[in-house]
Amino acid sequence: MDAIESGEMKPGSQVPSENQLAQQHGVSRMTARRALSEMVDEGILMRSQGIGTFVSDSRPMSSMLEIKSIRDEIEQRGHRYTNEILVLETSPASDAISQRLAVDVGVPVFHSIIVHCENNLPVQYEERWVNPAWISDYLDKDFKAQTANFYLNQVAPLSQADHSVEAVIVEKDIAQALLIKPKEPCLKVTRRTFSRGQGGATGAGVVVSHAVLYHPGSRYRLGGHLEF
């Protein structure tokens, strides 16, 4: 439906009944019913028994309960993954980053900023700091070929993670990189990862990286399935 594609009808909006659609478009009720059924099958619409038919939330959804490569998420949906590397450098650890990585203030750490795109549309702005004591060749890697998250998990398997999610209004440069309006809300995911290393040492492990991920709220959502 044009109203859905244009954004006039947003996720959660109730769709007119079969009779109303038939009258609006000058078609039979059977044709209207078939069109609705096809859109339900495609995931564009969802039916609620006894209530009506509604526009589905079609934004990609990432799991809150597992850490996956953004490239894997996008390609599993059958979509095209690309990225833009904005920063790949060594920089001195600030007070905040030294605490997050458990290093001294001023110690050189690796810093990267990468924008991840789905079908050429930015869906994640990733700013990451990496402890070079454990990942010495980070700056040498081709992150066009593999994501930073995928590479880090290969060389320093994840053992623990600190994870928080909040809604924010981002700075102007981040909004520009994500191709969104300055006041458009984003989901901010802050994540610190630990590894016991390839040897599988005991304990919590060492801090490998600290990442801050920004997702445009209109293009992304977080969720998961819980069993009790």
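What counts and what doesn't
- Residues numbered from 1 in each chain as written.
- Predicted model: local features only at pLDDT ≥ 70, side-chain atom pairs only at ≥ 80, totals over all residues.
- Heavy atoms only, no water.
- Phe/Tyr/Trp six-rings, centres within 6.5 Å; stacked < 30°, edge-to-face > 60°.
- Helix = DSSP H or I, 4+ residues; strand = E, 2+ residues; numbered from the N terminus.
- Buried < 20%, exposed > 50% of the residue type's maximum accessible area, 1.4 Å probe, protein only.
- Contact = heavy atoms within 4.5 Å.
- Polar contact = N/O pair within 3.5 Å; in protein donor to acceptor, adjacent residues only side chain to side chain.
- pLDDT = per-residue confidence, 0-100.
- Pairing = 2+ DSSP bridges.
- Axes fitted to C-alpha atoms, helices over the stretch in contact; angles between N-to-C directions.
- Salt bridge = Lys/Arg side-chain N within 4 Å of Asp/Glu carboxyl O.

Notes on the packing of aromatic side chains
We describe a pair of aromatic rings using the distance from one ring centre to the other and the angle between the two ring planes. A full pass over the atoms with the stated rule returns four aromatic pairs. Arranged with centres 6.1 Å apart and planes meeting at 15°, the rings of F110 and Y138 form a pair that is stacked. With F110 in strand 5 (residues 108-118) and Y138 in the loop between strand 6 (121-130) and helix 6 (148-155), the pair connects residues that are 28 residues apart, well separated along the chain. You can call F110 buried: its relative accessible area is 9%.

Notes on the environment of S69
As for its placement among the helices and strands, S69 is situated in the loop between strand 3 (61-63) and helix 4 (70-76). Separated by 79 residues in sequence, S69 and A148 place their C-alpha atoms 8.4 Å apart. When sequence neighbours within four positions are dropped, the list of residues in contact with S69 reads T147, N149 and F150. Here the side chain of S69 touches T147 through a polar contact of 3.0 Å, side chain to side chain.

Some remarks on the confidence of the model for the chain
For the chain, per-residue confidence averages 82 on the pLDDT scale, and residues scoring 70 or more make up 79% of the total. Every residue in residues 198-202 is under pLDDT 50, and counting partners more than four places away or in other chains gives five contacts.

Section: unusual backbone geometry
Its identity as a non-glycine residue notwithstanding, N119 has a phi of 50°, on the positive side. Here N119 shows up in the loop between strand 5 and strand 6. Of note in the backbone geometry, N120 takes a positive phi value of approximately 70° without being a glycine. Within the secondary structure, N120 is located in the loop between strand 5 and strand 6.

Focus: the side chain of S98
Within the secondary structure, S98 is located in helix 5 (residues 95-101). Among the polar contacts made by the side chain of S98, one reaches the main-chain carbonyl oxygen of D95 at a distance of 2.7 Å.

Comments concerning the sheet that holds strand 6
Spatially, 4-5-6-9-8-7 is the arrangement adopted by the six strands of the open sheet, whose pairing is antiparallel. The strands lining the two open edges of the sheet, one partner per strand, are strand 4 (81-92) and strand 7 (158-169). Across the sheet, the mean angle from the axis of one strand to that of its neighbour is 15°, orientation sign disregarded. Where strand 6 lies against strand 9 (residues 206-216), six bridges are found, and the strand directions are antiparallel.

Observations concerning the pairing of strand 8 (residues 185-195)
In terms of residue burial, strand 8 counts as a mostly covered element, since eight of its 11 residues are buried. Two elements, strand 7 and strand 8, share 11 bridges in a ladder whose sense is antiparallel. Directly across from I169, in strand 8, lies its bridge partner P185. Of the pairings in the sheet, the one linking strand 8 to strand 9 comprises 10 bridges and is antiparallel in character. Each bridged residue has a counterpart across the sheet, and for V189 the counterpart in strand 9 is L213.

Re the pattern of salt bridges
Oppositely charged side chains may form a pair once their charged atoms are brought near each other. Summed over the entire model, instances satisfying the criterion amount to eight salt bridges. With a closest N to O distance of 3.1 Å, R29 and E18 form a salt bridge. Of this pair, R29 sits in helix 3 (residues 29-41) while E18 sits in helix 2 (residues 18-25), and the two are 11 residues apart along the sequence. Note on R29: relative accessible area 44%, which makes it partly exposed.

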